[in-house]
Amino acid sequence: MPETELHPETGSESVLRRIVTGNALVSVLSVLMALIVGGLLIALTDEEVAESAGYFFSRPGDMLGAAWSAASGAYIALFQGSVFNFEADTFSRMIYPLTQTLTVATPLICAGLGVALAFRAGLFNIGAQGQILIGATLAAWVGFSWHLPVGLHLLIVILAGALGGALWGGIAGLLKARTGAHEVIVTIMLNYIAIQLVLFLLTTPGFQRPGSTNPISPQLDSTAMFPPLFGSGFRLHWGFIMAIAATVFIWWLLNRSTVGFELRAVGANPAAARNAGINTTKGYVIVMLIAGALAGLAGVAQVSGTEKVLTSGVAASFGFDAITVALLGRSSPWGTFAAGLLFGAFRAGGVTMQTSTGTNIDIVLVVQSLIVLFIAAPPLVRSLFRIPPPGAFKTSGKRMSKKADAAQGAA
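Residues numbered from 1 in each chain as written. Predicted model: local features only at pLDDT ≥ 70, side-chain atom pairs only at ≥ 80, totals over all residues. Heavy atoms only, no water.

Draft legend 1. The confidence of the model for the protein chain, seen in detail. Within the protein chain, residue pLDDT values average 89, and 89% of them lie at 70 or more. Contacts for the low-pLDDT stretch residues 1-9, under 50 throughout, to residues beyond four places or in other chains number 11 contacts. Confidence drops under pLDDT 50 across residues 12-21; counting only partners more than four residues distant or on other chains, this segment forms 17 contacts. (pLDDT = per-residue confidence, 0-100. Contact = heavy atoms within 4.5 Å.)

Draft legend 2. Structural detail: the pattern of salt bridges. By the definition in use, this model includes four salt bridges. Across the pair R93 and D89 runs a salt bridge whose closest N-O atoms are separated by 3.6 Å. The exposure class assigned to R93 is exposed, which follows from its relative accessible area of 54%. Between E183 and K176 there is a salt bridge, with its nearest N and O atoms 3.3 Å apart. (Salt bridge = Lys/Arg side-chain N within 4 Å of Asp/Glu carboxyl O. Buried < 20%, exposed > 50% of the residue type's maximum accessible area, 1.4 Å probe, protein only.)

Draft legend 3. The packing of aromatic side chains, seen in detail. Inspection of every chain in the model, using the stated rule, returns 10 aromatic pairs. Arranged with centres 6.4 Å apart and planes meeting at 80°, the rings of F230 and F234 form a pair that is edge-to-face. We classify F230 as exposed; its relative accessible area is 51%. Arranged with centres 6.1 Å apart and planes meeting at 40°, the rings of F240 and F337 form a pair that is tilted. Highlighted residues: F240 in helix α9 (residues 239-256) and F337 in helix α14 (residues 333-357), separated in sequence by 97 residues. Taking the relative accessible area as the measure of exposure, F240 reaches 9% and is therefore buried. Classification of F337 by relative accessible area gives buried; the value is 13%. Taken together through their ring pairs, the aromatic side chains of Y96, F230 and F234 make up a single cluster. (Phe/Tyr/Trp six-rings, centres within 6.5 Å; stacked < 30°, edge-to-face > 60°. Helix = DSSP H or I, 4+ residues; strand = E, 2+ residues; numbered from the N terminus.)

Draft legend 4. A look at the nonpolar core. Grouped together as the largest cluster of nonpolar side chains are 104 residues, with contacts concentrated most on L117, L294, V303, L310 and I371. A per-element tally of this core places helix α5 (residues 91-120) first, with 13 residues. The contact partners of V303, leaving out residues within four places of it in the chain, are A136, A139, A140, L220, K308, V309, L310 and V314. (Core = buried A, V, L, I, M, F, W, Y, C linked by side-chain atoms within 4.5 Å.)

Draft legend 5. Spotlight on the side chain of S217. Summarising the element assignment, S217 is placed in the loop between α8 (183-201) and α9. A distance of 2.8 Å separates a polar side-chain atom of S217 from the backbone nitrogen of L310. (Polar contact = N/O pair within 3.5 Å; in protein donor to acceptor, adjacent residues only side chain to side chain.)

Draft legend 6. Summary view of empty space enclosed by the protein. One pass over the structure, following the stated rule, counts one cavity of 30 Å³ or more. Volume-wise, the largest cavity comes out at about 30 Å³. Together, I42, Y75, L78, M353, I363, V364 and V367 line the largest cavity. Taken together, the elements giving at least two residues each to the lining of the largest cavity come down to α4 (60-82) and α15 (362-375). It is α15 that provides the largest number of residues to the lining of the largest cavity, a total of three residues. Residue composition of the lining of the largest cavity, grouped by class: seven nonpolar, no polar and no charged. (1 Å grid on protein atoms, 1.4 Å probe; cavity = no way out; pocket = protein on both sides within 12 Å on 5 of 7 lines; lining within 4 Å. Points joined across faces, edges and corners; volume = space filled by probe spheres on them. Nonpolar A, V, L, I, M, F, W, Y, C, P; charged D, E, K, R; others polar.)

Draft legend 7. Spatial organisation of the packing of α9 against α14. Across the interface, α9 lies against α14 with an axial gap of 8 Å and an inter-helix angle of 155°. Relative to α14, α9 is oriented roughly antiparallel. Contacts between α9 and α14 involve F240, I244, T247, V248, I250, W251 and L254 from the first element and P333, W334, F337 and L341 from the second. (Axes fitted to C-alpha atoms, helices over the stretch in contact; angles between N-to-C directions. Parallel < 35°, antiparallel > 145°, perpendicular 65-115°, else oblique.)

See the structure below:
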């Protein structure tokens, strides 16, 4: 009987296995499934589709055509409002939607990185909303009450925002480390405290704009603002470069530093990490300090780049959307960065979609929710697209090895 040779897995086969069985493919397919379901909902609520449904059996092509036009028209408008407007008459207007997407994505990326980092350490940071608010409050106060030279002022504002977010996140980390208080409960409560604290501060003379009865701060000094990245005709500012730098830093922290290794070890198995000599209580505090600082940078991007003032709504829903961004990005730095861009596109293009096609902007929230639903159920996505589960190739390889051994023994 001829000898059976078992060839080792080549580099290309290893890459293919990681792509086919990895979580990144599941994330991409989750987005695709959410867009498909969203398109079906758009079609079902379209007036022309409802009208043509009345004579579907006599002319089914009318209903199918109307459904395709409704869904494709909405998504084309979403693309034009978030990536590239091919109907514009100048190049600057063509790329203006992309710059809007990057502007909106900046706080999502920063806050998403904070949530993702906490995930990697085994903590569920629900407090990004409060951390953004406190970071924005401290940054805004330094921005309008301190008068410093150009360059130095913006640097101090960035540091102040990061410090505010770090302190707010550090409270949850310290309570987790010292008392065992669950970070979900603590961060949710800190969100409410931050919201009410900012509302109160905006009614005090130290924060409220002189001569105004509205809860709004004075405008930040020009030296405390991010310069425009592509000129005054665009809202995109250098805060986006800060988000890129934060992504690079978190990638380095997790993959190239001792602290990152310890944080990942704590997240993977706290008991084993303690047995290995890692101080888990210290790790909880450190990770929440860094996570809060990242969310604080999102607040800086808002007050020093986009809004230029402090209001009670400066954080919008970025802190809560950051949780979805981190989930979609699988808690990896660059995955979170890409997910932030995607959700920034949804936010930026949703308005154009509604004004151009009449599609309710709430469909964007539905698509985002569907993405979370599909990400939370990887077996469902894998079964729909017939994707082998993780380890399938390894199991197949072991079976082949056993068969080869048996064949050699028989020979």
